[in-house]
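Structural features, examined
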2 protein chains.
Amino acid sequence: MPLDKASCQQLDREDPLAFCRERFELPDELIYLDGNSLGAMPSSMPRVMQQTLDSEWSGDLIQSWNKAGWAQLSQTLGDRVGRLVGADQDQIVVCDTTSANLYKAIRAACDMRPERNVILTELDNFPTDLYIIEGAMTGVAREMRREIVAQQDILDSLDDKVAILVLSHINYKTGEILPMLEITEAAHRVGALVIWDLSHSAGVLPIELDECEVDFAVGCTYKYLNAGPGAPAFIYVASRHIAQARQPLNGWWGHAEPFAFEDEFRPAGNISRFLCGTQPVLSLKGVACGLDSYAGVSMLQVREKSKGLCDLFIRLLGQECPDSRLQLIGPRCRERRGSQVSYRFEHGYALMQALIERGVVGDFRAPDLMRFGFSPLYIRYEDIWNAVQCLKICLQQKIWQQDKYHRRQPVT
Amino acid sequence: MPLDKASCQQLDREDPLAFCRERFELPDELIYLDGNSLGAMPSSMPRVMQQTLDSEWSGDLIQSWNKAGWAQLSQTLGDRVGRLVGADQDQIVVCDTTSANLYKAIRAACDMRPERNVILTELDNFPTDLYIIEGAMTGVAREMRREIVAQQDILDSLDDKVAILVLSHINYKTGEILPMLEITEAAHRVGALVIWDLSHSAGVLPIELDECEVDFAVGCTYKYLNAGPGAPAFIYVASRHIAQARQPLNGWWGHAEPFAFEDEFRPAGNISRFLCGTQPVLSLKGVACGLDSYAGVSMLQVREKSKGLCDLFIRLLGQECPDSRLQLIGPRCRERRGSQVSYRFEHGYALMQALIERGVVGDFRAPDLMRFGFSPLYIRYEDIWNAVQCLKICLQQKIWQQDKYHRRQPVT
């Protein structure tokens, strides 16, 4: 039986997470399917920011480092991120960028496997991860080699030359989830360490870093965690590794006693040794607001809704646009798919521009990939219906034939 | 003739920068002499932040990377910082932390002097700079040595083994200005490169990076530039070096085409190659507001007032507290002093706590250093009078004998 708008609205009425939408500010009429690039703004943000500006920065000035807890934000927020990704406390700090944190993790891990020379990764890893591997390798005292393999060859490529395996938990193009437990165990069997990039998975599905015995992880807070544009990233180091893990960006915030102003660097005994310089407090406040949005929400509920939204989009696209020539990319099995759905389409750029103009915001990755991300805390089933109706009209009108949709934006 | 309060008020009436104070939010009754740790909040900040939250983040969401110019902020703000530090455009980006930027500069510079093994610095360099030298050295392919000498021995220690000289432009303890031109020329004569840390000088005195032919510089925006707690730092690379300068934190934002998502890293042809990951936009807005506060102000005026404020503090302390046992540290010559005055005092910690309780905020560095920083855009001559009167009363009462002023704060 074909689905209709009413049945989508019924799904919303039955949605146990429906109440979360009001925790975000979203423009009326906009259907925002790009929360995997930049999450929506938590409604608490203006109030929290006003307090930060009025009472903390301009009111208490320098004293806010103690009085308002600024000095501990990287750690307190890190522990809170930990609760969403299955990490016990004192293993995560929120700081710097995902790229910089990956750099630290790679350098630390390389030193922990001094007899091995290979950093293994996969073709579809997010490009900055590939670049950072290159950059970090230049700082390792021995000759290192970056080995890039296809996803299906990861397990077969693990051997006793592999020092580190660096992978994205969810493929940013296809939305495919890599099996964290299976891969981590396989890497450990050959004595390699694993670094997971959680940028596209943190906050959108249950993750069990401790249970999977992951060694290091990094991730982004401005996507599904809704922390705001460019908000600081996070880094996880398993507690069993912290005492041996040394990273070279050893600035004063990573010192055992930052304000003792000693001449020699002595790393903090805990995860704080992965800090470097003073963190951007205003942007850290966004991380706090983003995490607040998860109050009373279980990651199992988030995951259930995420699968429901993706399934509905795929089903409705098939039902409403049967001859669309949009080719679904990535896993068909809902258990292996993250919270995005990707399609290849030769006129993808122009079509996405047309959708954006009509208030349906997804994103496009060259050469022909259309991505639709579904943030379960604020996307409604009815939004999916409306998005597909808009897509249907654009397809019927062959909207990509219009010149104006071919003008390139510098960044999307 | 002794000075009195009325003569200080007269100085304020004659102050060509008096109008700038209203560009900042400062609590009534507070005398804030710690702008060298955290600058005051520009009055424009709440409005700018509200617009950023309402119209950019929550309104236009992902499109703000183009529409609101987020994607170019590191460069546009970098050019604006450049105008305050004597750097022509396309040589500065605002990003990351001072520590991380110093790391990049050191790694880049080491590769540009492959036949040399010494990184020279001085004892009183800010500790994180010393730590970062240690950390960065571990990533250089050859054996490097960190040589720490006393300030007066810098010039004599320059020889053809020195790859890089890393110095703070202003000593964070004593406030002494190091002669940038003379030292840079001396380093160049032996073929060394120079990296200046401008954390305590940017925004408070004229700096001529280009004219001095400085090679690299880094600096902080949250002190005299009033950009907000932990706001992103900056890095300067002289245009003649950019094509050869490679840094290992080569994330996607430093790529020639970040959104081409290529597998191999190709550095941007310009200063953007010193970027790494996505920058914290909310905190970058603070940098914009901080720089706005300099509209219509010349750095010569700022410098004149800075000298006037420091002179007045020293003179009034001598006049009002002649037997104080506070020992002035650092240069007596006003031309060699930055915008802070430091005193050693054995009860310095307790005395500073007592001053803070009474609304005169300076800071303290162990074991016995009291620092008073004077931010010329918002400190009045009358504030200096009132601060010294407060200090006088605390000294007369031997206030440090009270237990409560000895309780240590974790961070000051």
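Keep in mind that this is a model prediction, so the values were computed, not measured.

Further remarks concern the overall build of chain A. Counting its secondary structure elements, chain A contains 13 helices and 15 strands. Relative to its length of 412 residues, chain A is compact, with a C-alpha radius of gyration of 22 Å against a globular reference of 22 Å. Taking the principal axes of its C-alpha atoms as reference, chain A extends roughly 70 × 55 × 40 Å. By residue count, 56% of the 412 residues in chain A fall in the buried class. Long-range pairs, those at least 24 residues apart, make up 73% of the contacts in chain A with a sequence separation of at least 6.

The next point concerns the packing of helix H4 (residues 73–85) of chain B against helix H10 (residues 281–292) of chain B. All names here are of chain B. With their axes 10 Å apart at the nearest point, H4 and H10 run at an angle of 25 degrees to one another. Between H4 and H10, the crossing angle belongs to the class labelled roughly parallel. Regarding H4 and H10, the two cross each other, and that crossing is left-handed. Within the contact between the two elements, H4 uses Leu-73, Leu-77, Arg-80 and Val-81 and H10 uses Val-281, Leu-284, Val-287, Ala-288 and Leu-291. Classifying every residue of the contact of H4 with H10 by side-chain character gives eight nonpolar, no polar and one charged.

Moving on: the nonpolar core. Membership of the largest hydrophobic core comes to 279 residues, with the highest contact counts inside it found for A:Ile106, A:Ile164, A:Ile195, B:Ile106, B:Ile164 and B:Ile195. Non-local contacts of B:Ile164, meaning those with residues more than four positions away in its chain, are made with B:Ile106, B:Ala109, B:Cys110, B:Arg113, B:Ile119, B:Ala192, B:Leu193 and B:Ile195.

Turning our attention to the environment of A:Asp15. For A:Asp15, the location among the structural elements is in the loop between helix H1 (5–14) and strand S1 (24–25). Once the C-alpha coordinates of A:Asp15 and A:Thr98 are considered, the two residues, 83 residues apart in sequence, prove to be 33 Å apart.

It is worth spelling out the pairing of strand S6 (residues 145–149) of chain B at this point. All names here are of chain B. The sheet contact formed by strand S5 (residues 118–122) and S6 spans five bridges and is parallel. Along S6, the bridge assignment pairs Leu-120 with Glu-147. Once you follow S5 into helix H6 (residues 127–137) and on to S6, the crossover reads as right-handed.

The next thing to look at is the environment of A:Gly69. Residue and element names in this part refer to chain A. As for its placement among the helices and strands, Gly-69 is situated in the loop between helix H3 (64–67) and helix H4 (73–84). Accessibility expressed as a C-beta count within 10 Å gives 12 for Gly-69, which makes it exposed. C-alpha separation for the pair Gly-69 and Glu-56, spaced 13 residues apart in sequence, amounts to 10.0 Å.

Below, the discussion takes up the relation of the copies chain A and chain B. After a rotation of 180 degrees and a shift along the axis of 0.0 Å, chain A superposes on chain B with an RMSD of 0.0 Å. The relationship between the two copies is best expressed as a two-fold rotation axis. The rotation axis passes nearest to the C-alpha of A:Gly139 in chain A, at a distance of 1.8 Å. Both copies contact each other with a shared surface, as 99% of the interface residues of chain A are interface residues in chain B too.

The next subject is unusual backbone geometry. Look at the link from A:Ala366 to A:Pro367: it is a cis peptide, with omega at 5 degrees. Tracing the backbone through its elements, the reader meets A:Pro367 in the loop between strand S14 (363–365) and strand S15 (369–373). With a phi angle near 45 degrees, A:Leu61 is a residue other than glycine that sits in the positive phi range. If you trace the backbone, A:Leu61 turns up in the loop between helix H2 (45–60) and H3. One non-glycine residue, B:Asp90, lies in the positive phi region at around 65 degrees. If you trace the backbone, B:Asp90 turns up in the loop between H4 and strand S4 (92–94).

Residue and element names in this part refer to chain A. You can read the domains of chain A as domain 1 (5–43 + 298–406) and domain 2 (48–292). Centre-to-centre separation of domain 1 and domain 2, based on C-alpha positions: 29 Å. Listed by contribution, the elements that provide at least two residues to the side of domain 1 that touches domain 2 are helix H11 (299–320) and strand S12 (340–344). Among the elements that take part in the side of domain 1 that touches domain 2, H11 stands out by supplying five residues, more than any other. Across the side of domain 1 that touches domain 2, the residue classes tally to eleven nonpolar, eleven polar and four charged.

A few words on the sheet that holds strand S10 (residues 234–237) of chain B. Residue and element names in this part refer to chain B. Here seven strands make up an open sheet; going across it, the order is S4-S10-S9-S8-S7-S5-S6 and the pairing mixed. Both outer strands of the open sheet, S4 and S6, are each paired with one neighbouring strand and no more. Pairs of neighbouring strands in the sheet enclose a mean axial angle of 15 degrees, with direction left out of account. Here strand S8 (residues 193–197) pairs with strand S9 (residues 216–219) via three bridges, running parallel. Residue pairing for S9: Asp-197 is matched across the bridge by Val-218. Sitting on the sheet, helix H8 (residues 180–189) is in contact with strand S7 (162–168) and S8, with an inclination near 155 degrees to S8.

Definitions and limits used
Residues numbered from 1 in each chain as written. Chains lettered and ligands numbered in written order. Predicted model: local features only at pLDDT ≥ 70, side-chain atom pairs only at ≥ 80, totals over all residues. Helix = DSSP H or I, 4+ residues; strand = E, 2+ residues; numbered from the N terminus. Rg over C-alpha atoms; globule rule 2.2 N^0.38 Å. Buried ≥ 20, exposed ≤ 12 C-beta atoms within 10 Å, placed from the backbone. Contact = placed C-beta atoms within 7 Å. Axes fitted to C-alpha atoms, helices over the stretch in contact; angles between N-to-C directions. Parallel < 35°, antiparallel > 145°, perpendicular 65-115°, else oblique. Left-handed = near helix turned anticlockwise from the far one by under 90°. Nonpolar A, V, L, I, M, F, W, Y, C, P; charged D, E, K, R; others polar. Core = buried A, V, L, I, M, F, W, Y, C linked by C-beta atoms within 7 Å. Pairing = 2+ DSSP bridges. Right-handed = clockwise from strand over helix to strand, strands pointing away. Least-squares fit on C-alpha atoms with pLDDT ≥ 70 in both. Domains from an automatic or database assignment.

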